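Commentary on secondary and tertiary structure
The lines below spell out each chain.
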Amino acid sequence: PEGTMERLLPGISTMTINGIFETYESSRTVLRKEVTFPVLDLAPGAKPSKIAWVDYVKVTDESEFLKTEAGTLTPFYKDLIAKGLITNCRIYKKTMPVDPSADFDFVVAYFAEDVASVADGRLREALKKSVLGRSSSKKIMRSELWQLVEYVDVEKSKR
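Now for a quick tour of the structure. The shown structure was predicted, so the numbers you read here are calculated from the model rather than taken from an experiment.

For the chain, the helix and strand inventory stands at seven helices and five strands. Taken over 159 residues, the chain has a buried fraction of 34%.

To continue, consider the layout of surface pockets. Any space left empty among the atoms is revealed by the rolling of a water-sized probe across them. Considering only enclosed or pocket space, the second largest pocket measures out at about 250 Å³ in volume. Taken together, T4, M5, L8, I20, F21, Y24, E150 and V152 make up the lining of the second largest pocket. Listed by contribution, the elements that provide at least two residues to the lining of the second largest pocket are α1 (4-8) and α2 (14-26).

Further remarks concern the nonpolar core. One finds Y77, L80, V108, Y110 and L123 to be the most contacted residues of the largest nonpolar core, which totals 23 residues. For this core, the elements supplying multiple residues, two or more each, are β2 (51-59), α4 (74-82), β3 (88-96), β4 (106-112) and α6 (122-129). Here V108 is in contact with W53, V54, D55, V57, F65, Y77, C89, R90 and I91, once residues within four sequence places are set aside. Grouped together as the second largest cluster of nonpolar side chains are eight residues, Y56, Y92, F104 and A109 included.

Glancing now at the packing of α4 against α6. The interhelical angle for the contact between α4 and α6, taken along N-to-C directions, is 160°, at an axis separation of 12 Å. Relative to α6, α4 is oriented roughly antiparallel. The element α4 and its partner α6 pack so that their crossing is right-handed. Every residue of α6 that contacts α4 at F76, Y77 and L80 is listed here: L123, A126 and L127. Of the residues belonging to the contact of α4 with α6, the class tally is six nonpolar, no polar and no charged.

Note: strand β1 (residues 35-41) against β3, six bridges, orientation antiparallel. Residue pairing in the sheet places P38 in a bridge with Y92 of β3. Bridge count for β3 against β4 is six bridges, and the pairing is antiparallel. Following the sheet pairing, Y92 is matched in β4 by V107.

At their nearest, the axes of helix α3 (residues 62-72) and α4 sit 4 Å apart, and the two run at 50° to each other. Viewed along their axes, α3 and α4 adopt a mutual orientation that is oblique. Taking contact as the criterion, the partners of E69, A70, G71 and T72 in α3 are, on α4, T74, P75, F76 and Y77. Split by residue class, the contact of α3 with α4 holds four nonpolar, three polar and one charged.

Looking now at α6. Listing the buried residues of α6 in full gives L123, R124, A126 and L127. Around the axis of α6, the buried residues are gathered within 160° of arc, so they sit on the same side. In α6, the exposed positions angled more than 90 degrees off the buried face are occupied by K128 and K129.

Mapped onto the secondary structure, G84 falls in the loop between α4 and β3. Judged by relative accessible area, G84 falls into the partly exposed class, the value being 46%. Remark: the alpha-carbon pair of G84 and E113, spanning 29 residues in sequence, is separated by 9.3 Å.

Criteria and cut-off values
Residues numbered from 1 in each chain as written. Predicted model: local features only at pLDDT ≥ 70, side-chain atom pairs only at ≥ 80, totals over all residues. Heavy atoms only, no water. Helix = DSSP H or I, 4+ residues; strand = E, 2+ residues; numbered from the N terminus. Buried < 20%, exposed > 50% of the residue type's maximum accessible area, 1.4 Å probe, protein only. 1 Å grid on protein atoms, 1.4 Å probe; cavity = no way out; pocket = protein on both sides within 12 Å on 5 of 7 lines; lining within 4 Å. Points joined across faces, edges and corners; volume = space filled by probe spheres on them. Core = buried A, V, L, I, M, F, W, Y, C linked by side-chain atoms within 4.5 Å. Contact = heavy atoms within 4.5 Å. Axes fitted to C-alpha atoms, helices over the stretch in contact; angles between N-to-C directions. Parallel < 35°, antiparallel > 145°, perpendicular 65-115°, else oblique. Left-handed = near helix turned anticlockwise from the far one by under 90°. Nonpolar A, V, L, I, M, F, W, Y, C, P; charged D, E, K, R; others polar. Pairing = 2+ DSSP bridges. Arc of directions from axis to C-beta.

So this is what it looks like as structure tokens:
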């Protein structure tokens with residue numbers, strides 16, 4: 001958001017901020033841009049976790065998918081949190097670009113503190129045994145493991 005850098009680094013000049021962003025932009029390659037919005041967060045306000053297992057999901061019936069995730073699966077996800085397999089679960093809906101033939105409609109992210117929590121197979125096995133693994137309204141298109149590199153809480157950095 002506008003003014004974020006000024007709040008994070010009081011007294012920084014506009015020229016320095018522009019230099020930071022120019023360096024950042026030249027050090028990465030954007031492959032594609034997509035906008036998602038959260039539709040379910042089981043642990044709002046939870047501190048960011050270091051690892052995220054991300055499932056990209058294509059749904060056949062959006063209302064059935066959301067009803068199942070929010071209703072039937074919420075206790076299941078909360079049980080995974082209580083058992084320490086994950087620290088949070090969030091579901092995001094892809095909103096841009098709009099393309100009915102896109103490879104996914106939703107992103108389901110399972111957050112954990114370390115790779116072992118998701119890599120030892122207990123999480124995937126629990127997911128397969130749940131309603132999630134047998135849902136006919138969705139298909140997992142691909143899964144990825146992400147690591148948090150940097151996190152800035154803009155709300156807490158406001159002056």
